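If you want the building blocks of each chain, they are given just below.
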Amino acid sequence: RENFIHLCNPHLEKMKEDILYHFALGTGTHDFPALFGDVKFVCVGGSPSRMKAFIAYIAEELGLGSPGCDYPNICAGTDRYAMYKVGPVLSVSHGMGIPSISIMLHELIKLLYHAKCSNIIIIRIGTSGGIGLEPGSVVITRQSVDATFKPQFEQVILGKTVIRSTNLDEQLAKELMQCSKEIGQFNTVIGNTMCTLDFYEGQGRLDGAICLYNEDEKLQYLKEAYDSGVRNIEMESSVFAAMCNLSDVKAAVVCVTLLNRLEGDQISSSHDVLVEYQQRPQKLVGYFIKKTLGKV
């Protein structure tokens, strides 16, 4: 069954042209079905350089590129986001935090709709702080929870508070977990991901410019998070899950943990170790894409 993108906006049908401003793309200037109609997998992550590295990696894995091949930034007309494509895979940066990824997702979902894409899978790959896990562990998100451990995304729209579900596709999470078992290179778990509004106080860190709580209070909070099922903390998963749900898109979040927050706040691993950690979600998702395409 062809599962197309569902747009929750009747106003778009009345528009002669849709300008995706932050992508520097538009339906009046670009042929979306020709450019993107074959896309089946979309991988999004914070850093433009990381998403460029991912497209080079997946191109090699799928046998669609040659070593040293350069991949042009489709969004070169803007410095907000970067976008790369090879075969059925689109790789897009989203910046840091809920506002940045939500802007990107509005335009990405419209892009996929205008391109008439079907049966899309969107996966966020990134880094996070772990809770009770050894650094380098990979967390596949069961559901995103807010800072009070509720599985919801709360947003004020027209002055009213709107609450949306943050559940992610359970079957997709299981498939990714199976892929990790087949790879057998790093510890992987399925757990809840806490999505916060900032990196410091919102995550209970003691090393920000402002901190008006003590270490015991911090540890109590993080242990409560762990007991509720939270295994990592980041800043994008809640709105990502909510928007994919509303658009009827199968989605997953796969993040590596750079440290165990029960043991400290600062990321002290060497550059080389961190680079290897950051490649783990890429390896897992790359293997999943290859397996789904029958290339494993």
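Numbering of residues starts from 1 in each chain and follows the order in which that chain's sequence is written. Confidence filtering applies because this is a predicted model: local features only for residues at pLDDT of at least 70, side-chain atom pairs given and counted only at 80 or more, and all residues used for totals across whole chains, interfaces and linings. For the side-chain quantities, the full set of heavy atoms in the structure was used; hydrogens and water were omitted.

Selection criterion: UniProt positions are given in the numbering used here, feature names are shortened, and annotations may be inferred rather than shown by experiment.
An unreviewed UniProt entry lists the chain under the name Uridine phosphorylase, with Nyctiprogne leucopyga as the source organism. Quoted straight from UniProt, the Sequence similarities (unreviewed entry) entry for the chain says "Belongs to the PNP/UDP phosphorylase family." The Pathway (unreviewed entry) field of the UniProt record for the chain holds the comment "Pyrimidine metabolism; UMP biosynthesis via salvage pathway; uracil from uridine (phosphorylase route): step 1/1."

## Some points on the overall build of the chain
So the rule is basically this: Starting at the N terminus, helices and strands are each numbered in turn, a helix being any DSSP run of H or I of at least four residues and a strand any DSSP run of E of at least two. We compute the radius of gyration over the C-alpha atoms and compare it with the globule rule, which gives 2.2 Å times the number of residues raised to the power 0.38. Relative accessible area decides the class of each residue, using a 1.4 Å probe on protein chains only: under 20% of the type maximum gives buried, over 50% gives exposed, and in between gives partly exposed. Should any heavy atoms of two residues lie within 4.5 Å, those residues are counted as being in contact.
Along the chain, the regular secondary structure elements total seven helices and twelve strands. The globule rule puts the C-alpha radius of gyration for 296 residues at 19 Å, and the 19 Å found for the chain is close to it. For the chain, the spread of C-alpha atoms along the three principal axes comes to 55 × 50 × 35 Å. Here the chain holds 296 residues, and the buried ones make up 49% of them. In the chain, the share of contacts with a sequence separation of at least 24, taken over all contacts with a separation of at least 6, comes to 76%.

## Some points on the pattern of salt bridges
A side chain of one charge can pair with a side chain of the opposite charge if their charged atoms are brought near each other. To keep it simple, the criterion reads: Salt bridges are counted wherever a side-chain nitrogen of Lys or Arg sits within 4 Å of a carboxyl oxygen of Asp or Glu.
This model, assessed by the stated rule, comprises eleven salt bridges. The salt bridge partner of Asp70 is Lys52, with a shortest N-O separation of 3.1 Å. Of this pair, Asp70 sits in the loop between helix H2 (48-61) and strand E4 (83-86) while Lys52 sits in helix H2, placing them 18 residues apart in sequence. Judged by its relative accessible area of 55%, Asp70 falls in the exposed class. Overall, the relative accessible area of 33% leaves Lys52 in the partly exposed class. One salt bridge in this structure joins Lys290 and Glu61, with 3.2 Å as the shortest N-O distance.

## A few points about the pairing of strand E11 (residues 230-234)
Operational definition: In this scheme, strands are said to pair when DSSP sees at least two bridges between them.
With five of five residues buried, E11 lies mostly within the body of the structure. Relative to E11, strand E6 (residues 121-130) is paired through two bridges, and the arrangement is antiparallel. When the bridges of E11 are listed, Gly129 appears paired with Ile233. Summarising the sheet, strand E10 (residues 188-195) and E11 pair through four bridges and their orientation is parallel.

## Description of empty space enclosed by the protein
Just so we agree on the cut-off: As defined here, a cavity is a set of points on a 1 Å grid over the protein atoms alone where a 1.4 Å probe fits but cannot get out. A pocket is an open set with protein on both sides within 12 Å along at least five of seven lines, and residues line them when an atom is within 4 Å of a point. Grid points are joined across faces, edges and corners, and a volume is the space filled by probe spheres set on the points. Think of it as three bins: nonpolar holds Ala, Val, Leu, Ile, Met, Phe, Trp, Tyr, Cys and Pro, charged holds Asp, Glu, Lys and Arg, and polar takes everything else, Gly as well.
Within the structure shown, the criterion is met by one cavity of 30 Å³ or more. Within this model, the largest cavity holds a volume of roughly 40 Å³. Residue lining of the largest cavity: Arg50, Ile125, Gly126, Thr127, Gln278, Pro281 and Gln282, and that is the complete set. Elements supplying a minimum of two residues to the lining of the largest cavity: E6 and helix H7 (271-292). A class-by-class count of the residues in the lining of the largest cavity yields two nonpolar, four polar and one charged.

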